[in-house]
Amino acid sequence: MINLDERYQSYLTNPQKRLIIDGCREKVTGYGWHCDGNEVKGYYVTTENYKLFYNNNEQFLRMEPVRVSA
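Procedures and definitions
- Here, residues in each chain are numbered from 1, in the same order as that chain's written sequence.
- Where totals are concerned, whole chains, interfaces and linings use all residues; where local detail is concerned, this predicted model gives features only for residues with pLDDT of at least 70, and gives and counts side-chain atom pairs only at 80 or more.
- The side-chain figures draw on all heavy atoms in the structure; neither hydrogens nor water molecules are used.
- A run of H or I in DSSP becomes a helix once it reaches four residues, and a run of E becomes a strand once it reaches two; helices and strands are each numbered from the N terminus.
- Each residue gets one of three labels from its accessible area relative to the maximum for its type: buried under 20%, exposed over 50%, partly exposed in between, using a 1.4 Å probe on protein chains only.
- Neither His nor the chain ends contribute to the count of charged residues, in which Lys and Arg are positive and Asp and Glu negative.
- Basic side-chain nitrogens of Lys or Arg form a salt bridge, by our definition, when they fall within 4 Å of a carboxyl oxygen of Asp or Glu.
- What qualifies as a polar contact is a pair of N or O atoms within 3.5 Å, subject to a donor-acceptor requirement within protein and to the restriction that residues adjacent in sequence count only when both atoms come from side chains.
- Note on pairing: DSSP must find at least two bridges between two strands before they are called paired.
- Two rings belonging to Phe, Tyr or Trp (six-membered ring only in the last case) form a pair when the distance between their centres is within 6.5 Å. Interplanar angles under 30 degrees mark stacking, angles over 60 mark edge-to-face geometry, and anything in between is tilted.
- In this scheme, Lys NZ or Arg CZ marks a charge over a ring once it lies within 6 Å of the ring centre and within 35 degrees of the ring normal.

Q: Which residues make up the side chain of Glu26, and what values do they have?
A: Structurally, Glu26 can be placed in strand 2 (residues 24-26). Buried within the structure, Glu26 lacks any salt-bridge partner; its nearest side chain of opposite charge belongs to Arg18, at an N-O separation of 7.2 Å. Here Thr47 takes part through its side chain, which lies 3.1 Å from a polar atom of the side chain of Glu26. Of note is the side chain of Glu26, whose polar atom sits 3.0 Å from the side chain of Asn49.

Q: Talk me through the pairing of strand 5 (residues 50-55); I want residue IDs and the actual numbers.
A: Where a strand is regular, its side chains alternate between the two sheet faces. Of the pairings in the sheet, the one linking strand 4 (residues 40-47) to strand 5 comprises five bridges and is antiparallel in character. Across the sheet, the residue bridging to Tyr44 is Phe53, located in strand 5. Hairpin remark: strand 4 followed by strand 5, antiparallel, with two residues in the connecting loop. As judged from the five bridges shared by strand 5 and strand 6 (residues 60-65), these two strands associate in the antiparallel manner. Note on strand 6: the bridge partner recorded for Phe53 is Arg62. Where strand 5 folds back on strand 6, the antiparallel hairpin that results is connected by four residues, among which Glu58 adopts a positive phi of roughly 65 degrees.

Q: Provide a residue-level description of the packing of aromatic side chains, including the pertinent values.
A: We describe a pair of aromatic rings using the distance from one ring centre to the other and the angle between the two ring planes. Within the structure shown, the criterion is met by six aromatic pairs. Aromatic pair Tyr8 and Tyr11: ring centres 6.0 Å apart, planes at 40 degrees, arrangement tilted. With Tyr8 and Tyr11 both in helix 1 (residues 4-13) and three residues apart, the pair spans about one turn of that helix. Take Tyr8 and Tyr11: they sit in the same class, and that class is buried. A ring pair is formed by Tyr8 and Tyr31, whose centres lie 5.9 Å apart and whose planes are at 40 degrees; its orientation type is tilted. Highlighted residues: Tyr8 in helix 1 and Tyr31 in strand 3 (residues 28-35), separated in sequence by 23 residues. Residue classification places Tyr31 among the buried positions, given a relative accessible area of 17%. Through a chain of ring-to-ring contacts, three or more aromatic side chains come together here, namely Tyr8, Tyr11, Tyr31, Trp33, Tyr43, Tyr54 and Phe60. Above the plane of the ring of Tyr11 lies Lys17, whose end atom (NZ or CZ) is 4.6 Å from the centre. A cation sits over an aromatic face here: Arg62 above Phe53, 3.9 Å from the ring centre.

The following block contains the structure:
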């Protein structure tokens with residue numbers, strides 16, 4: 001299994017480290033596993049504006065905008 005802490009913790013603790021999505025620098029705000037209720041299907045990474053989903057083979061699946069209520 002992928003060690004998410006090893007891969008993404010530095011993005012949370014270092015304010016200068018960002019993901020680049022479509023040419024824009026995005027601050028990582030969280031990460032974790034996603035499942036279908038029976039098994040882990042992959043993981044996600046949340047940025048200020050997006051939630052990125054990956055499968056267990058580290059392949060990008062989809063990107064969803066993060067909606068912030070005002």
